[in-house]
Structures are given as structure tokens and as C-alpha cells.
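# Structure at a glance
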Amino acid sequence: MFDIVGHMKYEVVIGLEIHARINTLTKLFCRCDNNTFNQDPNTHVCGICMGFPGMLPVLNREAVQKGIKAGLALGCTIKEFSKFDRKNYFYPDLPKGYQISQYDQPISENGKITITKTDGTVKAIGITRLHLEDDAGKLTHTGDGTLVDFNRSGSPLMEIVSEPDMRTVEEASLYARQIQKIVRYINASDADMEKGQMRFDLNISLRPEGQKEFGIRAEIKNLNSFRSLEKAAEYEINRQTELLDRGEKVIQETRGWDDVKEVTISQRSF
Ligand SMILES: [Zn+2]
């Protein structure tokens, strides 16, 4: 259990949630243009994606077809029945007051993909589920206040949730790159990270080698490049190793990533 310098050895457990913008012509539940990159703020909005009372959302067939294609490409089972749910939360980028997502009946589940590591070994990474949901708007904080742009509000996303199957930063990075390759190949998402079309939430925990139960995990939200994914994972492995080495506990919490300082920051704990 201990290496020669006396540190306990830990196994790293990583799971990833990936949000990829589906490249449909229109948004998930309305006819607004889904191509809003570099457009003037709040020019691609309507009563549906703004959540006005009495509006009737109509599901975009193309988004469902692309979601199914992506599910199949990730080896998932496509569910004959799936449904949407309201995820209620209050935040200024969400005029509806809820996100339309899929909770207990996702469109697809139980898939897997393989990655090839630099040493040539091939490893399978399980996919828990792929579900559809709509995106929120975008807040820009300025010195004088906060600007809000709802162009992105209601855009179709697929959320791809992995099993906690990755054990190294390399595996997490290869997995994320492989997902990008697959969704691009089948033309379900352009997955251009510079345009915010793909982003990662990283779940990461450590456990003593040989222990079956998972350790307590931290979630690092909204990583928007492969580099920040890798750097955040490295930082968390070091941070959690130091905590455990000192006999302290990792707190289950959501953390953000500071791209400039290259540190994760506590946002809230449960
Ligand atoms: Zn709209």
C-alpha cells in the first residue's frame, strides 16, 4: 500500500460528461436558427426558446435522428420509449426557469467505445447514457454589470455520460478526443471547442490501490479545451493525493477551472 517514500498509492478513477452541440439547422423545440456563432446577441430567439407563457415546444426530428445516430455510433442501445423532463433551476441565463432534459428515460444507454493508448494497448470505456437536452443562454460579465445573450438558449445538446472507467489523464484525454472524432464523423456535431460546441465535466476521485469502493469525488465543470481537461485532471490528482496523504478528506463538491492560474476552485459543496 505504501511506496518507498511512505506515500499511500492511489488509483485514479475518472468519469466524463461531455456536452456536444447537435449541428441541426434549427433549435431543439423551435424554428430559430441554430447557427448563432458570432451573430448579434438576442437576434435568434422566439417565444418558445425564451420560455414565454403559452408557447408550444415542438421536438426537432433532425435532432432526435442525430442523437440516435450518435447513440448507435457509441454502441448504445436505442430506447423505444424515451421522454423529456423539466430540470428546474433559477439562473439568469435560463429564461424558462427550467432546462428541458432527459432524466430517467434517455434516448440511449449502455454503450462503449475503445481507445488506443500510446503504448499500443486498447481499452474499452463504457458509456452510461446519451441523452438530449436544450442549452441555456450565455452571460458575459463586464465591469458595469452582466450582459445576457439568449441566442444559444434552446440549442440542442447531447450529453454523453461515461462510466468511471478511466484511470489516467491520458485515458481521459484519449476518450474525449475519440468522442469528438465519432460525433464529427457521423455529422451529429461539429464539436468545435473554440466555438463552445463541446465541453467537459470531469468527475475524479482517488482510492487506495486494491480498494473496491470509490473514493469521494470532485466534479470539475465546464472545461472547454482538451488542454484544460488534461491540466484540471492533473491538478485534481495532485490536490486529492496531498489531502489524502495528510489524512484529510476530499469533499464532494463542484469545482471550477481557472485557465489562467491553472487551478480548480471550489464552487459549492453538498
Ligand atoms: Zn426559438
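Residues numbered from 1 in each chain as written. Predicted model: local features only at pLDDT ≥ 70, side-chain atom pairs only at ≥ 80, totals over all residues. Heavy atoms only, no water.

## Quick word on the side chain of Arg129
Positionally, Arg129 belongs in strand S6 (residues 122-134). Lacking a salt bridge, the buried Arg129 has Glu109 as its closest oppositely charged neighbour, with an N-O distance of 6.2 Å. Within the structure, Arg129 has its side chain in polar contact with the backbone oxygen of Gln102 (distance 2.8 Å). Among the polar contacts made by the side chain of Arg129, one reaches the main-chain carbonyl oxygen of Tyr103 at a distance of 2.9 Å. (Helix = DSSP H or I, 4+ residues; strand = E, 2+ residues; numbered from the N terminus. Buried < 20%, exposed > 50% of the residue type's maximum accessible area, 1.4 Å probe, protein only. Lys, Arg positive; Asp, Glu negative; His and termini not counted. Salt bridge = Lys/Arg side-chain N within 4 Å of Asp/Glu carboxyl O. Polar contact = N/O pair within 3.5 Å; in protein donor to acceptor, adjacent residues only side chain to side chain.)

## Description of the coordination of the zinc ion
On the protein side, the zinc ion has Cys30 (SG), Cys32 (SG), Cys46 (SG) and Cys49 (SG) as donor atoms, found 2.3 to 2.4 Å from it. Taken together, the four donor atoms coordinating the zinc ion span angles of 101 to 114 degrees at the metal, a pattern that classifies the geometry as tetrahedral. Sequence spacing of the donor residues for the zinc ion, all on one chain, is C-x1-C-x13-C-x2-C. In this pair, Cys30 sits in the loop between strand S1 (10-21) and helix H1 (61-73) while Cys49 sits in the loop between S1 and H1, placing the two residues 19 residues apart along the sequence. Neither Cys30 nor Cys49 differs from the other in exposure class; each is buried. (Donors = N, O, S within 2.8 Å, 3.2 Å for Na, K, Ca; no water. Tetrahedral: all angles 85-135°; square planar, octahedral: opposite > 155°, others 65-115°.)

## Here we look at the pairing of strand S8 (residues 146-149)
In this sheet, S8 lies alongside strand S7 (residues 138-141) in antiparallel orientation, the contact comprising four bridges. Across the sheet, Leu139 pairs through a bridge with Val148, a residue of S8. In textbook terms, the turn of a hairpin is the stretch between consecutive antiparallel strands, and for S7 and S8 this stretch comprises four residues. (Pairing = 2+ DSSP bridges.)

## Regarding helix H2 (residues 169-185)
Taking 1.5 Å per residue, 17 residues should reach 24 Å; H2 reaches 24 Å between its end C-alpha atoms and fits that length. All buried positions along H2 are accounted for by Val169, Glu171, Ala172, Ser173, Tyr175, Ala176, Ile179, Gln180, Ile182 and Val183. Looking one or two residues beyond H2, the residue adopting positive phi is Asn187, at roughly 60 degrees. (Expected span 1.5 Å × (residues − 1).)

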